[in-house]
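Read off the chains here:
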Amino acid sequence: MKIGLIGNQNSGKTTVFNALTGLNNKVGNWPGVTLEKKSGKIKGTNHELVDLPGIYSLSPYTIEETVSCDFIFDDKPDVLINVVDSTELERSLYLTTQLLELDIPVILALNMTDLLEKNGLKLNVDKLSKLLNVNIIQISGVTQNGIDKLISLIDTVSIKSSVKIYSDDIEKCLSSLEQNVKHSRFINVKKIESDSRFVASDSEKDIIHSLCKYNDLEETIATQRYNFIEKVKSSCVIQNKVSTISQKLDSIFLNKILSFPIFIGLMFLIYYLSVGVVGSATVDMVGSCIDGLGEFVSNCFISWNVSEIITSLVVDGIIAGVGAVLGFVPQLIILFLCISLLETSGYMSRISLLLDKLFRKLGLSGKSLISFIVGSGCSVPGIMSTRTIENEDERKMTTILTPFIPCSAKLPIIALFAGYFFPNNSGVVSASLYFFAIAVIIISALIMKKFIFKNISDTYIVELPEYKIPNVKYVARDVFDKVIAFIKRAGTIILLCSIVIWFLLSFSFNFTYGVDIEDSILATIGNALSWIFYPMLGSKSWGATVSAIQGLVAKEQVVSSMAVINGLAADVEEGAAIFSTSGIFGFFSPVSAYAFMVFNLFSAPCFGAIGAMQRELGGGKQLLKAIGFQTIIAWLLGTLVFQIGTLCQTLNISVGSVIISILLIVIIIAVILNMQKKKNKCSGCPYCNSCKS
Amino acid sequence: MKLSDLKVGQTAKVQSINITDRKIKRHLLDMGVVVGTKVKITKVPPMKDPVCIELRDYELAVRKSDMDKIECEVIDV
C-alpha cells in the first residue's frame, strides 16, 4: 500500500515520518523544512510511506506545495495520514475538511498531544471524530506515543461519507454536478470555486450560476468551511489556549531596541565561537596529529622499503590533502550545532520577520533570509529552500545570492587564512567575512533589482511558529549527519582530487617522475593562468591559482590542494606550515590573504551548488549568467581589497581606521537620506494618525 | 476601518477582504482570514512591518500593504 503523510507546514510530519519508519529525515521548526517527497517503509509492514511538503490547503501557493497536491492526484495513495498540530486545531482542520472530500481513506493523526495540556487545552476526541466522521488517533511524534496504534489502523481504515459542511444552496449544487468520477465531491467544490485545474462544463456552469448566488464563490466556500470548523471546535475544545512562553520570548527577540543587537550578536557569536575559540584551541593539536601521522607512515614505509613514489603519494598526496580538510572538523561541529539550534528553536522565523522590510528594499523578502541561514551550513539545501518563495523573480534572486553566504565548506579556507595571518583576531576576522558577505548580497541584490529582476512581490504571509526547546536527539543527529557527510566527502572527492593533484605535481608533461615542482604539469597550467589572480595577490602564483580553481569541486579542496602543493614543494624543511616564508605560499601577506579569502568565498560555488542552482533557475543561459556574475563580483572585490589594503600600508594607515571611516561614511549617508525622506513624506507608520493627510 | 489601522492588543472582526490578486486572496482565505474571523494584533516588530496577528490560535506575519486591503471592525474581548 502507498500511504501519504499530509498536513500543515510545521505540523511535525517529518517527526511522525521518522517515528513510523525508523528513518532519520531532517526536521526543523520553520515552515518549509521538507521540500520534496521522501518515502520509506513503515516499521514491520510492507507499506510505503511518503512524507510530503507541508500545505495549508489543496490549492497550492508555492512550488513545493504543488508537490503535495500532485501526489494525491497522480500517485493515487491508498491511505492518507493527516497530521494535525492539536494546538492549532482550527487552521489545521481546514485542510482536513478538504481531504475528507476526497475518495481516499483518511486517518487523522492528532500530533503534539503532549503539548496540549501545557497550552491549557482539553479536547473531546470522540466528539471530534464523530462530527468530522473520521478515524482519529492521538499521537506524539516526539515521544512516539500512539505510533503503534496508528500503524495497526492503516489496514482497517476505509472511506467514510463526507459530512455536509456548506449552506443548503451550495450542498444542493454539489449534488447536482457530475457524480460518477473519483473524488467527485472534492472536484465539484473546486468547480464551484472555478479552480483552473478542474474546469466545469458549460451545463455545469449554468447549474452553478443558477444555484449559488454569491459574489465571490471561492471566498464563500472558504468562509463556510471555516464557519463549520468553528462550530466543530467550540463543541470539542473544553478549555481555551492560554498565552505561552513564545509571547514573552518575542518581547525580547522582537524588542524595539534589543532585537537587532541580539541578532547581530548571535551571528557574530556563531563565527567567533567556531573559528575563533574552537579553532585556535584545536588547530595546532590537529595539525601536529596530521604531521605526526605523515611522519609515522613515511618512517614505516622507509623501513619496509616501499618505493619513493608510493611513499610520496601516500604522505604528500593523500595524508596531506585529506588531513588538511579533516583538521577543520571541530570548527564545523560548532557551526553545524549553532545552525541546527537556530533552525529548531523557531528563532529563524523571527529573523525573517525582523528583516523583511529591509530585504524588501532589495527586491527580496524575509523568506530569502531563511535560505541564507540554511545556506550558511550548505548552499545546496539553502538554494532548494527558495522553493517556499512564491514570487519568481524573488526566488531566482535568492538562488543566485545564497552561494555568497560562507558555507561550511568555506569555513576551512577562512579558518586556515584567518588563523595564520590574524592569530589574535581570527574570530573577529572570520565574523567580518560574514558581514562582508551580507554587504555583497545587499549590493548584488540592488544591481540585480535595477537591471534584471524587476517584478517584485508585495506579499509576505507567513506563519510564525512557536518557540520550541530544541530536541537534543534531533539536533545531535543533524550535526552528526552533516559532519559525517563532510568526512565522507574528504574520504571520496577530496581523496581523489589529492591523488590527481599529487600526480599533476609529481610528473612533467613527458611523464617523468620527480621533476622539480616548478616544471610539473600543474605548475605549467597554473603559470598560464596566474595573471588572473595577480591583481589581488600581488604575485603570479601558480599554486594559489590552481587551488582557487579547484574550489569548483568543493570549496574545502582549496585548502587541501594548498597543503599538497606546499608539502611537495617544501624540501627545505619537513612539515613546514603552509605559509612559511620559504615555502611556495610564503608570498601571502595579511592583505593578500584577506583578498584571496574574499575571492574564494564569493566566486562560483562548488559543482553541487551549481547543480542546485541549475534545478532552481531551470535554464543554461541564466545559470551561466549567474555564475559569471558571481565570479566577476568576487574578482572585483578581491582586487579591491588588495589594492586598498596595499595602498593603506604604503600610506601607513591602519586597516581598522579605513573600515571605521567607511562605516562612518555609510552611516552618515544613510542618516542624511533618511532625514530627507522624513522631510518629504510620512514614514508610513500605521499606528499614529497625526501625520495622516 | 482598515486592519492596518489597529493598535497592538486590539482585536477586530474581518468585514471584507478587498485583494484583487486571486492567488494572494486565496492564500489569506486558506490561512483562515475570512469574513467574520477575529484577528488580534499581537506585536509590531521594530521595523513596524510586517505585523504579527493572532487568529484561530496561531500567529501570522502579514505585511501592511496587504492589511490595508482588509476592512474590519474593532471589538471588545
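Scroll up for the structure.
Below, the structure is looked at part by part. If you're wondering where the values come from, they're calculated on a predicted model, not measured in any experiment.

1. Observations regarding empty space enclosed by the protein
The method is simple in principle: a probe with the dimensions of a water molecule rolls over the atoms, and the space it marks as empty is what remains. Residue and element names in this part refer to chain A. Considering all chains together, one arrives at 7 cavities of 30 Å³ or more under this definition. Put simply, the largest cavity is a space of about 180 Å³. For the largest cavity, the lining is made up of 16 residues, of which Gln9, Pro31, Lys367, Thr388 and Val462 are closest to its centre. A total of 3 residues in the lining of the largest cavity trace back to one element, the largest contributor, which is strand S9 (residues 461-464). In the lining of the largest cavity, the residues fall into 7 nonpolar, 5 polar and 4 charged. For the second largest cavity, the lining is made up of 17 residues, of which Leu100, Ile104, Val106, Asn133 and Lys160 are closest to its centre. Class assignment of the residues belonging to the lining of the second largest cavity gives a composition of 11 nonpolar, 5 polar and 1 charged.

2. Brief notes about a nonpolar patch on the surface
Residue and element names in this part refer to chain A. A contiguous nonpolar surface patch, about 380 Å² in accessible area, is contributed by Leu269, Tyr272, Leu273, Val277 and Val428. No other element matches the 4 residues that helix H12 (residues 259-303) contributes to the nonpolar patch. Counting through the fold element by element, Leu269 comes out in helix H12.

3. Observations concerning the interface of chain B and chain A
Often, the extent of an interface is quoted as the loss of accessible area on bringing the components together. Facing the 41 residues of chain B at the interface are 50 residues of chain A. Buried area between chain B and chain A, both sides added, is near 4,400 Å², and the carbon and sulfur share of it is 53%. Counting the surface chain B buries against chain A, the share from its top three residues, B:Arg26, B:Arg56 and B:Arg63, is 18%. On inspection of chain B and its partner chain A, the count reaches 12 salt bridges. We note a salt bridge from B:Arg22 to A:Asp216, for which the minimum N-O separation is 3.3 Å. Our count for the contact surface shared by chain B and chain A stands at 24 residue pairs in polar contact (both at pLDDT 80 or more). The element contributing the most residues to the side of chain B that touches chain A is helix H1 (residues 22-30) of chain B, with 9 residues. For the side of chain B that touches chain A, the class distribution of residues is 19 nonpolar, 5 polar and 17 charged.

What counts and how
- Residues numbered from 1 in each chain as written.
- Chains lettered and ligands numbered in written order.
- Predicted model: local features only at pLDDT ≥ 70, side-chain atom pairs only at ≥ 80, totals over all residues.
- Heavy atoms only, no water.
- 1 Å grid on protein atoms, 1.4 Å probe; cavity = no way out; pocket = protein on both sides within 12 Å on 5 of 7 lines; lining within 4 Å.
- Points joined across faces, edges and corners; volume = space filled by probe spheres on them.
- Helix = DSSP H or I, 4+ residues; strand = E, 2+ residues; numbered from the N terminus.
- Nonpolar A, V, L, I, M, F, W, Y, C, P; charged D, E, K, R; others polar.
- Patch = residues over 30% accessible without salt bridge, like charges linked within 9 Å, V, L, I, M, F, W, Y side chains within 5 Å.
- Areas by Shrake-Rupley, 256 points an atom, 1.4 Å probe, with all protein chains shown as cover.
- Salt bridge = Lys/Arg side-chain N within 4 Å of Asp/Glu carboxyl O.
- Contact = heavy atoms within 4.5 Å.
- Buried area = accessible area lost by both parts, 1.4 Å probe.
- Polar contact = N/O pair within 3.5 Å; in protein donor to acceptor, adjacent residues only side chain to side chain.

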